[in-house]
Amino acid sequence: MSGNGSLNHPFDFTSMLQESDVQQGHQIYLSAGTYADSFISSLANGVGGGEITIRPYATDFVKIDGSLLCSFGGVIVKNLHITCTEFSDRESAQTGSAPTDLPGDGISTRFNGQASQLIDCVIYDTRQGPYIPATAGGSTIIDGCIIFWNGWFAPDRGHGHGIYPQNASGNNPLIIRN
């Protein structure tokens, strides 16, 4: 892992998403730039002692170019641009909802905990906008996001969603607002 997490010696983005020292209530600030890859986070749940927030530093412009899988709870993802510049063709030769010939899943917010939020993000040119499965549990909020031009064409039909929310439990609110 590079850096120690300070402003002068930051973690690299992939290491930060796997960092066990990130605790409830921590703020994770991303420096300006484009982070190109498919990122999967294993951060610990930020519930009870405060949410973990992932956001740009100050007024920096931060873009995730690829995909971000957030499989945790108690995390706020804020003010990020999420896109996939490789996703220009928009046509798959394969049928079904999981083509292997197209990149860029976008954001799969498979939150499996509580109090997860996606706030003021811009999500575009991906296979899939925010996806919240019924198995997520907990409460999820999507607020102030701009989401457009997601999905693709396949021989059987169009696929992909701007937002794909599911909620199997009536006790856990799923709030989408702008």
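Residue indices begin from 1 for each chain and proceed along its sequence in written order. Owing to the predicted nature of the model, reporting of local features is limited to residues with pLDDT of at least 70; listing and counting of side-chain atom pairs is limited to 80 or more, with chain, interface and lining totals taken over all residues. Side-chain metrics in this entry use all non-hydrogen atoms of the structure; hydrogen atoms and water are not considered.

A look at the overall build of the protein
Across its full length, the protein holds 1 helix and 16 strands. The buried label goes to any residue with under 20% of its type's maximum accessible area, the exposed label to any with over 50%, and the partly exposed label to all in between, with areas taken from a 1.4 Å probe on protein chains only. Per-residue burial for the protein yields a buried fraction of 43% across its 178 residues. Throughout, a residue-residue contact means that at least one pair of heavy atoms, one from each residue, lies within 4.5 Å. Long-range pairs, those at least 24 residues apart, make up 68% of the contacts in the protein between residues at least 6 apart in sequence. In these tables, accessible area is a Shrake-Rupley quantity obtained with a 1.4 Å probe, and a residue counts as shielded only by the protein chains included in the view. Counting only carbon and sulfur atoms, one obtains 48% of the accessible surface of the protein, whose full area is about 8,700 Å². Secondary structure elements are defined from DSSP: runs of H or I of at least 4 residues count as helices, runs of E of at least 2 residues count as strands, and each element is numbered from the N terminus.

Focus on a nonpolar patch on the surface
Together, L7, Y29 and Y57 line one region of the surface with nonpolar side chains, adding up to about 330 Å² of accessible area. Turning to its location among the elements, L7 is positioned in the segment before helix 1 (13-18). Owing to a relative accessible area of 61%, L7 belongs among the exposed residues under this scheme. Like charges are joined within 9 Å and nonpolar side chains (Val, Leu, Ile, Met, Phe, Trp, Tyr) within 5 Å, but only among residues with over 30% relative accessible area and no salt bridge; these make up the patches. Salt bridges are defined by distance alone: a side-chain nitrogen of Lys or Arg within 4 Å of a carboxyl oxygen of Asp or Glu.

Details of the sheet that holds strand 1 (residues 27-30)
Across a sheet, strands are paired by hydrogen bonds formed along the backbone, either parallel or antiparallel in direction. Two strands qualify as a pair provided DSSP detects at least 2 bridges between them. Sheet architecture is open: 6 strands sit in the order 1-3-5-8-11-16, paired in parallel fashion. Two strands close off the open sheet at either side, each with one partner strand: strand 1 and strand 16 (174-177). Strand-to-strand twist of the sheet, defined as the mean angle between neighbouring strand axes without regard to direction, takes the value 10°. As paired strands, strand 3 (residues 52-56) and strand 5 (residues 75-78) are joined by 3 bridges and run parallel to one another. Bridging from a neighbouring strand, T53 pairs with I76 of strand 5. Here the axes come from fitting lines to C-alpha atoms, over the contacting stretch only for helices, and the angles between their N-to-C directions go from 0 to 180 degrees.

A short note on the environment of I123
Within the fold, I123 resides in strand 9 (residues 122-124). For I123 and K63, which are 60 residues apart along the polypeptide, the C-alpha to C-alpha distance reads 9.8 Å. Ignoring anything within four residues of it in the chain, the contact list for I123 reads I82, I107, L118, G129, P130, I146, I147, F148 and N150.

Looking at the nonpolar core
Definition used in this section: a nonpolar core is a set of buried Ala, Val, Leu, Ile, Met, Phe, Trp, Tyr and Cys residues joined via side-chain atoms within 4.5 Å. With 25 residues, the main nonpolar core has F13, L30, L80 and L118 as its most contacted residues. Contributing elements (two or more residues each) for this core: helix 1, strand 1, strand 2 (33-41), strand 3, strand 4 (62-70) and strand 5. Here this core takes 4 residues from strand 4, the largest share from any one element. Among residues more than four places away in sequence, those in contact with F13 are L30, Y35, F39 and I64. In this structure, C84, L102, W152 and A154 belong to the second largest nonpolar core, which totals 5 residues.

Here's the deal with the packing of aromatic side chains
Stacked, tilted and edge-to-face are the three classes assigned to paired rings of Phe, Tyr and Trp, where Trp is represented by its six-membered ring and a pair needs centres within 6.5 Å; plane angles under 30 degrees give stacked, over 60 edge-to-face, the rest tilted. Tallying each qualifying case throughout the model produces 2 aromatic pairs. Ring geometry for Y29 and Y57: centres 6.1 Å apart, planes at 90°, overall edge-to-face. Taken together, the residues Y29 in strand 1 and Y57 in the loop between strand 3 and strand 4 connect sequence positions 28 residues apart. With centroids separated by 5.3 Å and ring planes inclined at 5°, the aromatic side chains of Y124 and F148 adopt a geometry described as stacked. Taken together, the positions of Y124 in strand 9 and F148 in strand 12 (residues 146-148) put the pair 24 residues apart, joining distant regions of the chain. By definition, being over a ring means that NZ of Lys or CZ of Arg is both within 6 Å of the ring centre and within 35 degrees of the ring normal. Against the face of W152 rests R127, its NZ or CZ located 5.9 Å from the ring centre.

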